[in-house]
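Reading the structure
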Amino acid sequence: MTERKPPGVDFESWVDKQIRDADARGEFAQLPGAGKPLPSDLDSTYDELWWVKRKMAREGFSVLPPTLALRKEAEDALEAAANAPSERVVRRIVEEINVKIRELMFKPPPGPPLGLKPYDVEEVVRQWRERRAER
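Values in this document were obtained by computation on a predicted structure and should not be read as measured data. (Residues numbered from 1 in each chain as written. Predicted model: local features only at pLDDT ≥ 70, side-chain atom pairs only at ≥ 80, totals over all residues. Heavy atoms only, no water.)

**So, the overall build of the chain**
Using the following cut-off: Under the scheme used here, helices are H or I runs from DSSP no shorter than 4 residues and strands are E runs no shorter than 2 residues, and both carry numbers assigned from the N terminus. The globule rule used here is 2.2 Å times the number of residues to the 0.38 power, and the radius of gyration it is set against is calculated over C-alpha atoms. Burial classification: accessible surface area is computed with a 1.4 Å probe over protein chains only, and a residue below 20% of its type maximum counts as buried, one above 50% as exposed, and the rest as partly exposed. Only heavy atoms matter for contacts: two residues are in contact if any of them lie within 4.5 Å across the pair. Reported accessibility uses the Shrake-Rupley method at a 1.4 Å probe radius. Residues are deemed covered only where the shown protein chains occlude them. Neither His nor the chain ends contribute to the count of charged residues, in which Lys and Arg are positive and Asp and Glu negative. Lys charges are placed at NZ, Arg charges at CZ, Asp charges at CG and Glu charges at CD.
Helix and strand counts for the chain come out as five helices and zero strands. Helices and strands in the chain line up, N terminus first, as α-α-α-α-α. For the chain, the C-alpha radius of gyration of 28 Å lies well beyond 14 Å, the compact-globule estimate for 135 residues. For the chain, the spread of C-alpha atoms along the three principal axes comes to 85 × 40 × 25 Å. Sorting the 135 residues of the chain into buried and exposed places 18% on the buried side. Pairs at least 24 residues apart make up 59% of the contacts formed inside the chain by residues separated by at least 6 positions. Put simply, the chain shows about 10900 Å² of open surface, and 57% of that area lies on carbon and sulfur atoms. Separation of charge centres in the chain, based on 24 positive and 25 negative side chains, amounts to 4 Å.

**Looking at the packing of helix α3 (residues 66-82) against helix α4 (residues 87-106)**
The packing of two helices is summarised by the inter-axis angle and the distance between the axes. The test is simple: Between N-to-C directions, angles span 0 to 180 degrees; the directions come from axes that are lines fitted to C-alpha atoms, helices contributing only their stretch in contact. Convention used here: angles under 35 degrees read as roughly parallel, angles over 145 as roughly antiparallel, angles from 65 to 115 as roughly perpendicular, and any remaining angle as oblique. Should the near helix be turned anticlockwise from the far one by less than a right angle, the crossing is left-handed, and should it be turned clockwise, the crossing is right-handed. Three classes are used, and their members are as follows: Ala, Val, Leu, Ile, Met, Phe, Trp, Tyr, Cys and Pro are nonpolar, Asp, Glu, Lys and Arg are charged, and the others, Gly among them, are polar.
It is at 9 Å that the axes of α3 and α4 come closest, and there the two elements cross at 165 degrees. For the element pair α3 / α4, the angle class is roughly antiparallel. As α3 packs across α4, the resulting crossing turns out to be left-handed. Across the interface between the two elements, Pro 66, Thr 67, Leu 70, Glu 73, Ala 74, Ala 77, Ala 80 and Ala 81 of α3 pack against Val 90, Ile 93, Val 94, Ile 97, Lys 100, Ile 101 and Leu 104 of α4. Taken together, the residues of the contact of α3 with α4 sort by class into twelve nonpolar, one polar and two charged.

**Overview of helix α5 (residues 121-134)**
The condition is simple: The length a helix should cover is 1.5 Å for every residue beyond the first. Note: the arc covers the axis-to-C-beta directions of the helix. Whenever two N or O atoms come within 3.5 Å, that pair is a polar contact, provided that in protein one can donate a hydrogen and the other can accept it, and provided that, for residues adjacent in sequence, both atoms are side-chain atoms.
Along its 14 residues, α5 runs 20 Å from first to last C-alpha, staying within 8% of the 20 Å computed at 1.5 Å per residue. Here α5 has its buried residues at Val 121, Val 124, Val 125 and Trp 128. Axial view of α5: buried residues confined to an arc of 100 degrees, hence all on one face. Of the exposed residues in α5, the ones pointing more than 90 degrees away from its buried face are Ala 133 and Glu 134. In this structure, the buried side of α5 is in contact with α3 and α4. By the N-cap criterion, in which a side-chain oxygen at the helix start approaches the backbone nitrogen of a residue two or three places on, α5 is capped by Asp 120, the distance to Glu 122 being 3.1 Å.

**Things to note about the pattern of salt bridges**
What counts is decided by this rule: Note on definitions: salt bridges are taken to be side-chain nitrogens of Lys or Arg within 4 Å of carboxyl oxygens of Asp or Glu.
Summed over all chains, the structure comprises twelve salt bridges. Measuring nitrogen to oxygen at the nearest pair gives 2.8 Å for the salt bridge that ties Lys 72 to Asp 76. Residue Lys 72 and its partner Asp 76 are located together in helix α3, separated by four residues, close to a single helical turn. The exposure class of Asp 76 is partly exposed, given its relative accessible area of 35%. With a closest N to O distance of 2.2 Å, Arg 126 and Glu 130 form a salt bridge. A residue pair is termed a helical-turn pair when its members lie 3 or 4 positions apart in one helix, as Arg 126 and Glu 130 do in helix α5 at four residues. Each of Glu 87, Arg 91, Glu 122 and Arg 129 takes part in salt bridges that share partners, so that together they form one network.

See below:
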């Protein structure tokens, strides 16, 4: 907007007129977020990195300490092993996560302790076989 407020016109009424004119031209019709509720974090304290956190949440990205990230990965690996199509795939999944667990066991990372030990591949395969037999 390059128009200047004419002298003698109340500022509030001039702004209202600009908004009404823009609305009549349809300039507000296709704005992103139109018709959506305002974010619920408006009452929280100001955070300089709000935009980084919002983008990370939108893209499903998070930053965890290495041990917590590995705990989550280990849980996901066991679930993937339980749903694996073959024994060979179960072994590969468990052996790959065991390598990562051993690496973190022997070099202490920053953050909370890992609290995991390598999985017994044969035990995981046995459990997988039992679940397959029940189906």
